[in-house]
Amino acid sequence: ESKEVRLPVALALLKLIKLFPDAVIRSHLPRLIKPISVRLKERDFDDREEARRVLMAVTETLGWRFVGALVSELRTALARGYQLQVLTHTVHALLVHLEPSLEVGALDYCLEVLLQVAAEDLFGETAEKKEAAQI
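Overview of the structure. None of the values given here were measured: they were computed from a predicted structure. (Residues numbered from 1 in each chain as written. Predicted model: local features only at pLDDT ≥ 70, side-chain atom pairs only at ≥ 80, totals over all residues. Heavy atoms only, no water.)

Counting its secondary structure elements, the protein contains seven helices and zero strands. Listing the helices and strands of the protein from first to last along the sequence gives α-α-α-α-α-α-α. Once local pairs closer than 6 in sequence are excluded, the contacts in the protein between residues at least 24 apart make up 70%. Carbon together with sulfur atoms contributes 57% to the accessible area of the protein, which is approximately 8,200 Å² in total. (Helix = DSSP H or I, 4+ residues; strand = E, 2+ residues; numbered from the N terminus. Contact = heavy atoms within 4.5 Å. Areas by Shrake-Rupley, 256 points an atom, 1.4 Å probe, with all protein chains shown as cover.)

Okay, here's the thing in C-alpha coordinates:
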(Lines give C-alpha, C1' and ligand atoms only; values in the text may rest on other atoms or scores of the structure.)
Protein backbone atom coordinates (compact mmCIF):
# COMPACT_ATOMS: atom_id res chain seq x y z
CA GLU A 1 0.00 0.00 0.00
CA SER A 2 2.81 2.44 0.79
CA LYS A 3 4.24 1.86 -2.72
CA GLU A 4 0.96 2.92 -4.26
CA VAL A 5 0.83 6.10 -2.20
CA ARG A 6 4.42 7.33 -2.57
CA LEU A 7 4.51 7.94 -6.29
CA PRO A 8 1.41 10.14 -6.51
CA VAL A 9 2.58 11.99 -3.40
CA ALA A 10 5.90 12.70 -5.14
CA LEU A 11 3.98 14.09 -8.11
CA ALA A 12 1.85 16.31 -5.84
CA LEU A 13 5.00 17.61 -4.11
CA LEU A 14 6.53 18.31 -7.49
CA LYS A 15 3.58 20.47 -8.48
CA LEU A 16 4.12 22.54 -5.33
CA ILE A 17 7.87 22.79 -5.81
CA LYS A 18 7.37 23.88 -9.43
CA LEU A 19 6.18 27.22 -8.08
CA PHE A 20 9.75 27.95 -6.89
CA PRO A 21 12.74 29.08 -8.97
CA ASP A 22 14.68 26.53 -11.05
CA ALA A 23 17.55 26.39 -8.53
CA VAL A 24 15.18 25.24 -5.79
CA ILE A 25 13.60 22.66 -8.09
CA ARG A 26 17.03 21.26 -9.02
CA SER A 27 17.99 20.97 -5.35
CA HIS A 28 14.84 18.98 -4.52
CA LEU A 29 14.71 16.89 -7.67
CA PRO A 30 16.88 13.99 -6.37
CA ARG A 31 14.55 13.42 -3.43
CA LEU A 32 11.52 13.43 -5.68
CA ILE A 33 13.05 11.07 -8.23
CA LYS A 34 14.28 8.58 -5.63
CA PRO A 35 10.91 6.83 -5.04
CA ILE A 36 10.45 6.56 -8.79
CA SER A 37 13.89 5.09 -9.35
CA VAL A 38 13.35 2.63 -6.48
CA ARG A 39 10.20 1.42 -8.24
CA LEU A 40 12.11 1.14 -11.52
CA LYS A 41 14.50 -1.27 -9.79
CA GLU A 42 11.67 -3.67 -8.98
CA ARG A 43 11.61 -6.96 -10.85
CA ASP A 44 7.85 -6.73 -11.30
CA PHE A 45 7.03 -5.30 -14.74
CA ASP A 46 3.83 -3.61 -13.54
CA ASP A 47 5.73 -1.74 -10.82
CA ARG A 48 8.24 -0.47 -13.38
CA GLU A 49 5.48 0.57 -15.78
CA GLU A 50 3.71 2.50 -13.02
CA ALA A 51 6.98 4.25 -12.17
CA ARG A 52 7.46 5.14 -15.86
CA ARG A 53 3.94 6.60 -16.01
CA VAL A 54 4.70 8.79 -13.00
CA LEU A 55 8.04 9.80 -14.55
CA MET A 56 6.22 10.85 -17.71
CA ALA A 57 3.86 12.95 -15.58
CA VAL A 58 6.90 14.48 -13.85
CA THR A 59 8.41 15.44 -17.21
CA GLU A 60 5.10 16.93 -18.34
CA THR A 61 4.99 18.99 -15.16
CA LEU A 62 8.61 20.14 -15.29
CA GLY A 63 9.09 20.33 -19.05
CA TRP A 64 12.14 19.59 -21.13
CA ARG A 65 14.40 21.94 -19.13
CA PHE A 66 14.90 19.26 -16.48
CA VAL A 67 15.38 16.19 -18.69
CA GLY A 68 19.15 16.26 -18.17
CA ALA A 69 18.80 16.32 -14.40
CA LEU A 70 16.17 13.55 -14.49
CA VAL A 71 18.30 11.30 -16.68
CA SER A 72 21.38 11.96 -14.52
CA GLU A 73 19.46 10.93 -11.42
CA LEU A 74 18.19 7.80 -13.17
CA ARG A 75 21.73 6.91 -14.31
CA THR A 76 22.91 7.10 -10.73
CA ALA A 77 20.06 4.93 -9.44
CA LEU A 78 19.96 2.35 -12.25
CA ALA A 79 23.62 1.48 -12.55
CA ARG A 80 24.11 -2.29 -12.81
CA GLY A 81 22.79 -5.53 -14.19
CA TYR A 82 19.24 -5.58 -15.53
CA GLN A 83 18.82 -2.01 -14.24
CA LEU A 84 20.88 -0.77 -17.19
CA GLN A 85 18.30 -2.17 -19.59
CA VAL A 86 15.54 -0.61 -17.51
CA LEU A 87 17.42 2.71 -17.71
CA THR A 88 17.68 2.52 -21.50
CA HIS A 89 14.02 1.60 -21.89
CA THR A 90 12.96 4.37 -19.50
CA VAL A 91 15.05 7.07 -21.21
CA HIS A 92 13.69 5.96 -24.58
CA ALA A 93 10.11 6.13 -23.26
CA LEU A 94 10.84 9.56 -21.81
CA LEU A 95 12.14 10.90 -25.12
CA VAL A 96 9.26 9.41 -27.11
CA HIS A 97 6.83 10.96 -24.66
CA LEU A 98 8.45 14.40 -24.92
CA GLU A 99 8.99 14.35 -28.68
CA PRO A 100 5.71 16.05 -29.70
CA SER A 101 6.40 19.03 -27.43
CA LEU A 102 10.11 19.47 -28.18
CA GLU A 103 11.55 22.25 -30.28
CA VAL A 104 14.67 21.84 -32.40
CA GLY A 105 17.71 22.07 -30.13
CA ALA A 106 15.74 21.84 -26.88
CA LEU A 107 17.79 18.92 -25.57
CA ASP A 108 21.19 20.09 -26.84
CA TYR A 109 22.19 21.03 -23.29
CA CYS A 110 21.85 17.42 -22.08
CA LEU A 111 23.06 15.51 -25.14
CA GLU A 112 26.13 14.27 -23.28
CA VAL A 113 24.13 12.42 -20.62
CA LEU A 114 21.68 11.07 -23.21
CA LEU A 115 24.51 9.85 -25.42
CA GLN A 116 26.19 8.19 -22.44
CA VAL A 117 23.03 6.13 -21.88
CA ALA A 118 22.91 5.22 -25.58
CA ALA A 119 26.62 4.35 -25.71
CA GLU A 120 26.28 2.12 -22.64
CA ASP A 121 23.42 0.31 -24.31
CA LEU A 122 25.30 -0.13 -27.59
CA PHE A 123 28.85 -0.78 -26.39
CA GLY A 124 28.88 -1.33 -22.62
CA GLU A 125 27.79 -4.01 -20.18
CA THR A 126 24.24 -4.00 -21.57
CA ALA A 127 25.48 -4.75 -25.10
CA GLU A 128 27.70 -7.57 -23.82
CA LYS A 129 24.75 -9.21 -22.07
CA LYS A 130 22.59 -8.90 -25.18
CA GLU A 131 25.35 -10.47 -27.27
CA ALA A 132 25.83 -13.31 -24.78
CA ALA A 133 22.09 -13.99 -24.76
CA GLN A 134 22.09 -14.31 -28.56
CA ILE A 135 24.83 -16.94 -28.46
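On to helix α5 (residues 82-98). With 17 residues, α5 extends 25 Å between its outermost C-alpha atoms, agreeing within 8% with the 24 Å of an ideal straight helix rising 1.5 Å per residue. Taken as a whole, α5 has its buried residues at Gln 83, Leu 84, Val 86, Leu 87, Thr 90, Val 91, Ala 93, Leu 94 and Leu 98. (Expected span 1.5 Å × (residues − 1). Buried < 20%, exposed > 50% of the residue type's maximum accessible area, 1.4 Å probe, protein only.)

On to a nonpolar patch on the surface, then. There is a patch of nonpolar side chains on the surface, built from Val 9, Leu 13, Leu 16, Leu 19 and Phe 20 and spanning about 520 Å² of accessible area. Structurally, Leu 19 can be placed in the loop between α1 (2-17) and α2 (22-40). You can call Leu 19 exposed: its relative accessible area is 71%. (Patch = residues over 30% accessible without salt bridge, like charges linked within 9 Å, V, L, I, M, F, W, Y side chains within 5 Å. Salt bridge = Lys/Arg side-chain N within 4 Å of Asp/Glu carboxyl O.)

In terms of nonpolar packing, the biggest core is built from 33 residues, with Ile 33, Ile 36, Val 58 and Val 71 touching the most fellow members. Looking at this core, the elements with two or more residues in it are α1, α2, α3 (45-62), α4 (67-77), α5 and α6 (111-123). The element contributing the most residues to this core is α3, with seven residues. (Core = buried A, V, L, I, M, F, W, Y, C linked by side-chain atoms within 4.5 Å.)

Let us now look at the side chain of Thr 90. Along the chain, Thr 90 falls in helix α5. Of the residues examined, Thr 90 reaches a relative accessible area of 0% and is grouped as buried.

The next point concerns the environment of Val 71. Examined against the element boundaries, Val 71 turns out to sit in helix α4. Given the relative accessible area of 0%, Val 71 is considered buried. C-alpha of Val 71 to C-alpha of Leu 114: the two residues are 43 residues apart in sequence and 7.4 Å apart in space. The contacts of Val 71, once residues within four sequence positions are left out, are Val 91, Leu 94, Val 113, Leu 114 and Val 117.

The next thing to look at is the side chain of Thr 59. Tracing the backbone through its elements, the reader meets Thr 59 in helix α3. Reaching out from Thr 59, the side chain makes a polar contact with the backbone oxygen of Met 56 at a distance of 2.7 Å. Discounting chain neighbours no more than four positions away, the residues touching Thr 59 are Leu 70, Leu 94, His 97 and Leu 98. (Polar contact = N/O pair within 3.5 Å; in protein donor to acceptor, adjacent residues only side chain to side chain.)

Next up on the list: the environment of Glu 103. Among the secondary structure elements, Glu 103 is positioned in the loop between α5 and α6. Assessed through its relative accessible area of 59%, Glu 103 is described here as exposed. For the pair Glu 103 and Trp 64, spaced 39 residues apart in the sequence, the C-alpha separation amounts to 9.5 Å.

A few words now on the packing of α4 against α6. Running from N to C, α4 and α6 cross one another at 35°; their axes reach a closest spacing of 9 Å. As for the relative orientation of α4 and α6, their crossing is left-handed in sense. Residues Gly 68, Val 71, Ser 72 and Arg 75 of α4 pack against Val 113, Leu 114, Gln 116 and Val 117 of α6. Tallied by class, residues from the contact of α4 with α6 come to four nonpolar, three polar and one charged. (Axes fitted to C-alpha atoms, helices over the stretch in contact; angles between N-to-C directions. Left-handed = near helix turned anticlockwise from the far one by under 90°. Nonpolar A, V, L, I, M, F, W, Y, C, P; charged D, E, K, R; others polar.)

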